[in-house]
Amino acid sequence: MVGQESEIENGKVTAVENSDKKNEKAPILLNLEIFRITRDSQQQHGLRHADYQRYRGYCSRRIRRLRKVLKIPQGDRRHYRRRDVTTTHLTANNAENRLLYIPLLQAERAWAHAMQLRQEANTEPRKKFHLVSRLKKACAHGQMLLQLCEESGRCEARTVLEAGAYASWLRGVLLLELQQWREAADSLQRARIVLEQLCTALPADERIVYDQKLEELKPSLRYCAYNIGDESAAGDLMAMRGQGLMHNLDALMAQAKESRSGIMHEVEWRGRRVTVKPEKVRLFLIALQDLDKSVSKAETAQAKIDILENILMDCKDAISAIKDEIKTDPKLKSAPEIQASSVGYLLSYLMYVRLVRTIERNNLLVEQAEEARKNNIQIDGKKVRPQDLTRLYEIILQNYNELQQLPGFENDAVYQKEIDTQMKAYRAFRCYYIAQVLTGLRRFREALAMLERCNTYTVESLKSKLDNQQLKDKLQVLKKDIESCKFEVHADSVLEDDEEDEESKYASSGKSYKDKKPLVERLDDYREDSQVLTKNPNIYRMPPPMEAIPCKPLFFDLACNFVEFPNLDDKTGATDGKKQGAGLTGLVKGFLGWGKSDK
């Protein structure tokens, strides 16, 4: 009996244990989309306008609220006791996703502080040391977040991967600031690999955040490769800068210029070698070496235009630096002295580069406009017209006029001949589009005259020695277009002359004729006009044409007071009353004949 009771009791115990196991819930895995959360927070709290101080304040307030809600305070009002989120908090039964927010926001706060100090370090260089310490703090919090995700075992695989990529990115930013290029490249490369894997595993609508982060990593990776010794990375850096992905390239190039083999201490142009002293000019000339490669690698015309516009801004700064040096040099007082000096020659060279690159940028704009006009595509919401292309070629010719007037080259016959040869070619294009404008205005005689002039410029340009092969090919195409355009203009002019005879043709055939004159101007001519019965009848021109009217003479009668008018009293009868006196005296005077007035 005792044995049976003990077996029954054991059975009850095992049954109770099994029921307790069934009632226990499986632990819920924690999930934290790190890059999406940080991107949304940054866009909503200041980083859209590069306001890092505002974002840093938001992170501090959010951490304080989370600690209060999750009951992880750091002491009381009087005493501070540090309390970090540990694996114990994550393995508890009441663990939730918000626990992981605290180390993430601590890392974001330290990073935002570092970026704020970077902006202030332009005027206060000592703040760079504080910047490095803040980045070290952000890197430590990022490593803490990764350690919590890995050791707790309560986080999803995606969260662990994102935490690893986030920690690697922060470490790469720190090493990049410390100029440890190879280690920084390794950390950023690890972050890039993880992000690429996440992009392949996630659906298309969730990849946007990771793609944006990958685009942010590209300039840093290429810059690390450039400093390690990859010379081909310089062209990629210039292309990224043209696309607006790298704003601090000048400072980075200044830091790395000593490792560059070909530092621009002097420049040679048109047989003369000039020493380059200003730092801005040297940096610009270094960037100019790789410009052609960057432009050729750009895929679209707009990308090429962006690259050229950035280099033109740098050229403008370099020219300003040269002009400032001329002002401060007491030896250079008169214009002839400036032109003869090496500084003046360098200034002319920089102005030449600026104008040549401007012409190249304008040619790309012409190419873009011609392509849009050919495919009937709008640019900035407007349809491309021949007037727009005429204006672009006019700007190009103005640039060539400025090239002719460069200081020190007014009397250089070879230089002036080169510019004249190229100007003839662009005058041909301008005449062609002016002819198209005149054709649209139905001024066919003027259009034919412009086409003849265009043909003359084209033939002379092709006979001359043009160095630009692309311009030669465009001139060959233009020569064919001129012939076809001549026939079109001639046909349009013949059709316009025949319109006057169309009325008699329609009258003889009995068909209705659509007259361009309004009904008011042809009331004396009876004609069956079906257009009068439509919704838009041609009855009267609105607004009416302007007509000349005579001026009011009162406004312009300035000599009225100086004119002597004739005496008209004898015609009006006013003299009869004066001749006849009043009463008997007047009668006697008239009867005897005396007392008459002499006329």
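No experiment lies behind these values; they were computed from the predicted model shown.

Draft legend 1. Layout of the side chain of Gln436. By secondary structure assignment, the location of Gln436 is in helix 18 (residues 413-440). In this structure the side chain of Gln436 is engaged in a polar contact, spanning 3.0 Å, whose partner is the side chain of Tyr432. Not counting the four nearest positions on each side in its chain, Gln436 is found in contact with Arg373 and Pro386.

Draft legend 2. A look at helix 19 (residues 444-463). Given a rise of 1.5 Å per residue, 20 residues ought to cover 28 Å, and the 29 Å separating the end C-alpha atoms of helix 19 matches this to within 8%. Residues of helix 19 that are buried include every one of Phe444, Ala447, Met450, Leu451, Cys454, Asn455, Thr458 and Ser461, and no others. Axial view of helix 19: buried residues confined to an arc of 150°, hence all on one face. Opposite the buried face of helix 19, at more than 90 degrees from it, the exposed residues are Arg445 and Lys463.

Draft legend 3. Up close: the packing of helix 12 (residues 279-289) against helix 14 (residues 301-328). For the pair helix 12 and helix 14, interaxial distance at closest approach is 8 Å and the crossing angle is 150°. One finds that helix 12 runs roughly antiparallel with respect to helix 14. When the axes of helix 12 and helix 14 are compared, the crossing they make is left-handed. Counting all contacts with helix 12, which are made through Lys280, Val281, Phe284, Ala287 and Leu288, the residues of helix 14 involved are Ile311, Asp314, Cys315, Asp317, Ala318, Ala321 and Ile322. Its residues assigned to classes, the contact of helix 12 with helix 14 shows 9 nonpolar, no polar and 3 charged.

Draft legend 4. Fine view of the packing of aromatic side chains. According to the stated counting rule, one finds 21 aromatic pairs in the structure shown. Residues Phe35 and Tyr210 carry aromatic rings whose centres are separated by 6.1 Å and whose planes lie at 70° to one another, so their mutual orientation is edge-to-face. In this pair, Phe35 sits in helix 2 (residues 34-44) while Tyr210 sits in helix 9 (residues 208-228), placing the two residues 175 residues apart along the sequence. In this structure, Phe35 and Tyr210 share a single accessibility class: buried. Ring geometry for Tyr393 versus Phe429: centroids 5.4 Å apart, planes at 5°, classification stacked. Placement of the pair is Tyr393 in helix 17 (residues 386-404) and Phe429 in helix 18, with a sequence separation of 36 residues. Look at Phe429 and you get buried, because its relative accessible area is 4%. An aromatic cluster of at least three residues, connected via ring pairs, comprises Phe35, Tyr52, Trp111, Tyr166, Trp169 and Tyr210. A cation over a ring is seen here: Lys213 above Trp169, with NZ or CZ 3.5 Å from the ring centre.

Basis of the calculations
- Residues numbered from 1 in each chain as written.
- Predicted model: local features only at pLDDT ≥ 70, side-chain atom pairs only at ≥ 80, totals over all residues.
- Heavy atoms only, no water.
- Helix = DSSP H or I, 4+ residues; strand = E, 2+ residues; numbered from the N terminus.
- Polar contact = N/O pair within 3.5 Å; in protein donor to acceptor, adjacent residues only side chain to side chain.
- Contact = heavy atoms within 4.5 Å.
- Expected span 1.5 Å × (residues − 1).
- Buried < 20%, exposed > 50% of the residue type's maximum accessible area, 1.4 Å probe, protein only.
- Arc of directions from axis to C-beta.
- Axes fitted to C-alpha atoms, helices over the stretch in contact; angles between N-to-C directions.
- Parallel < 35°, antiparallel > 145°, perpendicular 65-115°, else oblique.
- Left-handed = near helix turned anticlockwise from the far one by under 90°.
- Nonpolar A, V, L, I, M, F, W, Y, C, P; charged D, E, K, R; others polar.
- Phe/Tyr/Trp six-rings, centres within 6.5 Å; stacked < 30°, edge-to-face > 60°.
- Lys NZ or Arg CZ within 6 Å of the ring centre and 35° of its normal.

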